[in-house]
Amino acid sequence: MAAAPAWLDHTFALIHGEDSDGRRTSVAEWTRLHVDPEWADFTLTVCAEGCPWPEVMAALQEAAPLGAEARTVIVPAADNLFTRAKELPGAVKALLEKPPQGVNLLLVAWNTLPAAPGKALGAKPWTDWAKAGRILKVGALEPAEIPRFIEAEANRLGLSLQGAVATMLAQRQGGNPGLIKRALEVLDLLAEDRRVTEAMVDQVTFRLAEQKAFAWSGAWQRGDAAGALRALRMALEDGDEPLMLLGQARREVDRLLRYSEAQAAGFKGAELTSALGLSPKQAFLMDGYRGAFDRLKPKGVKALLGRLNQCERDLKGMAISRSDSPLLDLTLTLCRAWGR
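This report concerns the structure included in the present document. These numbers come from a predicted model, not from an experiment.

Notes on the overall build of the chain
Step number 1: Each helix and strand in the chain was counted, giving 16 helices and 7 strands.
Step number 2: Each principal axis of the C-alpha distribution contributes one length, and for the chain these read about 75 × 65 × 30 Å.
Step number 3: In the chain, buried positions account for 43% of the 340 residues.
Step number 4: For the chain, the computed accessible surface area is about 17,400 Å², with 55% contributed by carbon and sulfur atoms.
Step number 5: Positive and negative charge centroids in the chain, built from 42 and 42 side chains respectively, lie 8 Å apart.

Next up, the structure:
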């Protein structure tokens, strides 16, 4: 994927999204345009992954060496910097609203940043950045785009997709372009006669139990009931242990409980993140727990824990139900709790 020329021209820019291939290519193109290779050792600063805003500001304020046109600062894995709009430091906001001359900045977020009101990109200065073309999204493909992307990549590799291969790939790999490309590259090695069969796809994209558990929990954390029920069905059809899935849910609910306790104790910022057992690099996850807690309140969190415990008793055979109904019911409950 080639970055948009207009985005490349900006000296202060942001790229976000899960497409690692597109992100890597775009960052390389932007760097080639804004960093003189002869001066790179002296003018290019790559900050630590997940570093805080003060470290970014300090890097931007360093003076360029004599003879260099500009200094460049790249911030990888910068998801943690995109907290709620009101938490953006004033000095940082002023810098982002009026970028100074003689310095370049590229912020790189590995996940798609939400643009809803009050979210990462839903307020100034990020809304102004979006209008100016400073933000490039390389996230997951839309459902309607996935089949076309698979067919285009298959044609590029000279592969002939037999039967429902394209549909299977879309279901197994989702909308992540990088994952689709990697799967097709492996199929390219397997298909000596250039014909890709469903059996080959099943061999290449086998579904690991842990991956399915994360797919299930990731879907209900997005409030995606259909996706969560689909991931649950796939896991159960493949014979996965339901208690393993339940372990994913318990981890998230336990963190929600810790969030409730930390809130009651008056914890804020780094203290709040630490109380949930999250590292500074995982601070971007706080929005999900904050939103769920704001909807449920302490009483609702305790009720959610009760539903989780009841589901565990059912699955262990300590109650009347021995069907999949407890997990189905819990899935919908979790979707409502985390749904955005």
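So that's the structure; there's more coming.
A few points about unusual backbone geometry
Step number 1: Of the consecutive residues Lys-124 and Pro-125, the connecting peptide bond is found in the cis state with omega at 5°.
Step number 2: Positive phi values are uncommon outside glycine, yet Arg-194 reaches one of about 70°.
Step number 3: Note on placement: Arg-194 falls in the loop between helix 9 (177–190) and strand 7 (195–196).
Step number 4: The exposure class assigned to Arg-194 is partly exposed, which follows from its relative accessible area of 28%.
Step number 5: You will see that Lys-297, though not glycine, has its phi angle at about 65°, which is positive.
Step number 6: Mapped onto the elements of the fold, Lys-297 is located in helix 15 (residues 286–315).

Examining the sheet that holds strand 2 (residues 44–46)
Step number 1: Spatial ordering of the open sheet is given by 2-3-4-1-5, a layout of 5 strands whose pairing is parallel. Two strands bound the open sheet, and with one partner strand each, they are strand 2 and strand 5 (135–137). Strand-to-strand, the axes of this sheet are offset by a mean angle of 15°, without reference to chain direction.
Step number 2: In terms of strand pairing, strand 3 (residues 71–75) meets strand 4 (residues 103–109) through 5 bridges, oriented parallel. Paired with Thr-72 across the bridge in strand 4 is Asn-104.
Step number 3: Relative to the sheet, helix 4 (residues 53–60) contacts strand 2, strand 3 and strand 4, its axis offset from that of strand 4 by approximately 155°.

Side note on helix 2 (residues 20–34)
Residue pairs spaced three or four apart in an α-helix point in one direction, given the helix's 3.6 residues per turn.
Step number 1: Between its first and last C-alpha, helix 2 extends 21 Å over 15 residues, near the 21 Å set by a 1.5 Å rise per residue.
Step number 2: Listing the buried residues of helix 2 in full gives Asp-21, Gly-22, Arg-23, Ser-26, Val-27, Glu-29, Trp-30, Thr-31 and His-34.
Step number 3: The elements touched by buried residues of helix 2 are helix 1 (5–9), strand 1 (12–16), strand 3, strand 4, strand 5 and helix 9.

A few points about the packing of helix 13 (residues 242–264) against helix 16 (residues 325–338)
Step number 1: Close contact between helix 13 and helix 16 brings their axes to 12 Å; oriented N to C, the two are set at 30°. It follows that helix 13 is roughly parallel to helix 16 by the angle criterion. Here helix 13 and helix 16 pass one another in a crossing that is left-handed. The segment helix 13 lies against helix 16, with Pro-242, Leu-245, Leu-246, Ala-249, Glu-252, Val-253 and Leu-256 engaging Leu-327, Leu-330, Leu-334 and Trp-338.
Step number 2: Classifying every residue of the contact of helix 13 with helix 16 gives 10 nonpolar, no polar and 1 charged.

Brief notes about the pairing of strand 4
Step number 1: For strand 4, the buried fraction is high: 7 of the 7 residues fall into the buried class.
Step number 2: Here strand 4 shows two buried faces, one formed by Val-103, Leu-105, Leu-107 and Ala-109 and the other by Asn-104, Leu-106 and Val-108.
Step number 3: Pairing between strand 1 and strand 4: 5 bridges, direction parallel. Considered in strand 4, the bridge of Leu-14 is made with Leu-107.

Comments concerning the pairing of strand 3
Step number 1: The element strand 3 is extensively covered by neighbouring structure, given that 5 of its 5 residues are classed as buried.
Step number 2: Of the two faces of strand 3, the one lined by Arg-71, Val-73 and Val-75 and the one lined by Thr-72 and Ile-74 are each fully buried.
Step number 3: Relative to strand 3, strand 2 runs parallel, the two sharing 3 bridges. The residue bridging Leu-44 from the neighbouring strand is Thr-72, located in strand 3.

Let's talk about the packing of aromatic side chains
Step number 1: What the rule picks out here adds up to 7 aromatic pairs.
Step number 2: Arranged with centres 4.9 Å apart and planes meeting at 55°, the rings of Phe-82 and Trp-126 form a pair that is tilted. On the criterion of sequence distance, the pair formed by Phe-82 in the loop between strand 3 and helix 5 (90–97) and Trp-126 in helix 6 (residues 126–132) is long-range, its members being 44 residues apart.
Step number 3: Of note, Arg-134 hangs over the ring of Trp-129, and the distance from its end group to the ring centre comes to 5.7 Å.

Cut-offs and rules
Residues numbered from 1 in each chain as written. Predicted model: local features only at pLDDT ≥ 70, side-chain atom pairs only at ≥ 80, totals over all residues. Heavy atoms only, no water. Helix = DSSP H or I, 4+ residues; strand = E, 2+ residues; numbered from the N terminus. Buried < 20%, exposed > 50% of the residue type's maximum accessible area, 1.4 Å probe, protein only. Areas by Shrake-Rupley, 256 points an atom, 1.4 Å probe, with all protein chains shown as cover. Lys, Arg positive; Asp, Glu negative; His and termini not counted. Charge placed at Lys NZ, Arg CZ, Asp CG, Glu CD. Pairing = 2+ DSSP bridges. Axes fitted to C-alpha atoms, helices over the stretch in contact; angles between N-to-C directions. Contact = heavy atoms within 4.5 Å. Expected span 1.5 Å × (residues − 1). Parallel < 35°, antiparallel > 145°, perpendicular 65-115°, else oblique. Left-handed = near helix turned anticlockwise from the far one by under 90°. Nonpolar A, V, L, I, M, F, W, Y, C, P; charged D, E, K, R; others polar. Phe/Tyr/Trp six-rings, centres within 6.5 Å; stacked < 30°, edge-to-face > 60°. Lys NZ or Arg CZ within 6 Å of the ring centre and 35° of its normal.

By themselves these figures say nothing about function.
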